[in-house]
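Spelled out, the chains give:
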Amino acid sequence: MDKYTDIKGVFFDLGWTLEVPVNGDWMITNRFREVCGWHEPFPVPQPELNSALTESSEYLQKSHKMSTPEEELEQFTRFYEILGGKLPRLGMTHEKAADIARDRTYNMGNYVLLEDTVKTLETLKRRGIKLGVISDTWPDVVLQLKHFRIFDYFDSLTFSYELGVFKPDTALFKDALAKIKLPAEQTVFVDDMAYILEGAHRLGINPVQSLVQPKKRADMRFPSVKKPSEVLNLIQDFTGVPL
């Protein structure tokens, strides 16, 4: 496709776009496996695990608005308790759930930046492009961004937990545009989920799909990238010069 032109701002999702879970799963962390004695293969079939995670996640969806890691810790403790109730073989207790939740909240070793994330952000900033984040996440995200030393690259930050809604709720995109102070058509949003990109596109934001996640299928309606730096090949900045 032709490059997006006259771009002055780029929004990034975080998960499966700039960073990934170190073991490939956001909820079933390494500490979860240690505490519950789970090793490959899992003691329950994958469909049963997926069903239990989906049902337990309804609790997270209903009470998402918060402001501190301490609130996040409390919420995820309850989440893992609920998950344990649906999978009795885990032998979950309140103490185990709190242990897993504390690790998920405060252990930045659960996440890893993609190899070219920093270089990509540096290149965009050097060319005068404003950078933003639009992410479904929890308060520990600030700890993550500071841990990886990329917090200061961003001109705007829009997090779901602050607004209490998840993408593609228009409140998130409107918040991001207001903070970055650019018209939608002069911005790009990189996210892995097609239905979220649809929501952004309806407001005029130019969509790019991230295919970082293994086996992620491209939606042919959108240009796509397999790593952050490939975004540079899809946009032309406001000076008219390719990045």
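Our subject is the structure that appears above.
Attention here is on the structure that accompanies the text. (Residues numbered from 1 in each chain as written. Predicted model: local features only at pLDDT ≥ 70, side-chain atom pairs only at ≥ 80, totals over all residues. Heavy atoms only, no water.)

Attention shifts here to the packing of aromatic side chains. Counted according to the given criterion, the structure contains 11 aromatic pairs. Geometrically, the ring pair formed by Phe 76 and Phe 79 is edge-to-face, given 5.8 Å between the ring centres and 70° between the ring planes. Placement of both Phe 76 and Phe 79 in helix α3 (residues 69-86) is noted, with a separation of 3 residues, approximately one turn of the helix. As far as the burial class goes, Phe 76 and Phe 79 line up, both buried. On the numbers, 4.9 Å between centres and 70° between planes, the contact of Phe 79 with Tyr 80 is edge-to-face. We note that Phe 79, like Tyr 80, is buried. Following the ring pairs from residue to residue traces out a cluster consisting of Phe 32, Trp 38, Phe 76, Phe 79, Tyr 80, Trp 138 and Phe 166. Directly above the ring of Phe 76 sits Arg 104, whose terminal nitrogen or CZ lies 4.1 Å from the centroid. In this arrangement the basic side chain of Arg 104 is found over the ring face of Trp 138, its NZ or CZ atom lying 5.6 Å from the centre. (Phe/Tyr/Trp six-rings, centres within 6.5 Å; stacked < 30°, edge-to-face > 60°. Helix = DSSP H or I, 4+ residues; strand = E, 2+ residues; numbered from the N terminus. Buried < 20%, exposed > 50% of the residue type's maximum accessible area, 1.4 Å probe, protein only. Lys NZ or Arg CZ within 6 Å of the ring centre and 35° of its normal.)

Helix-helix packing: each pair is described by the crossing angle between the helix axes and the interaxial distance. At a closest axis distance of 8 Å, the pairing of α3 and helix α4 (residues 94-106) adopts a crossing angle of 135°. Relative to α4, α3 is oriented oblique. The way α3 lies across α4 gives a crossing that is right-handed. On α4, the residues that touch Pro 69, Glu 70, Glu 72, Leu 73, Phe 76, Thr 77, Tyr 80 and Glu 81 of α3 are His 94, Ala 97, Ala 98, Ile 100, Ala 101, Arg 102, Arg 104, Thr 105 and Tyr 106. (Axes fitted to C-alpha atoms, helices over the stretch in contact; angles between N-to-C directions. Parallel < 35°, antiparallel > 145°, perpendicular 65-115°, else oblique. Left-handed = near helix turned anticlockwise from the far one by under 90°. Contact = heavy atoms within 4.5 Å.)

These values are about where atoms sit, not about what they do.
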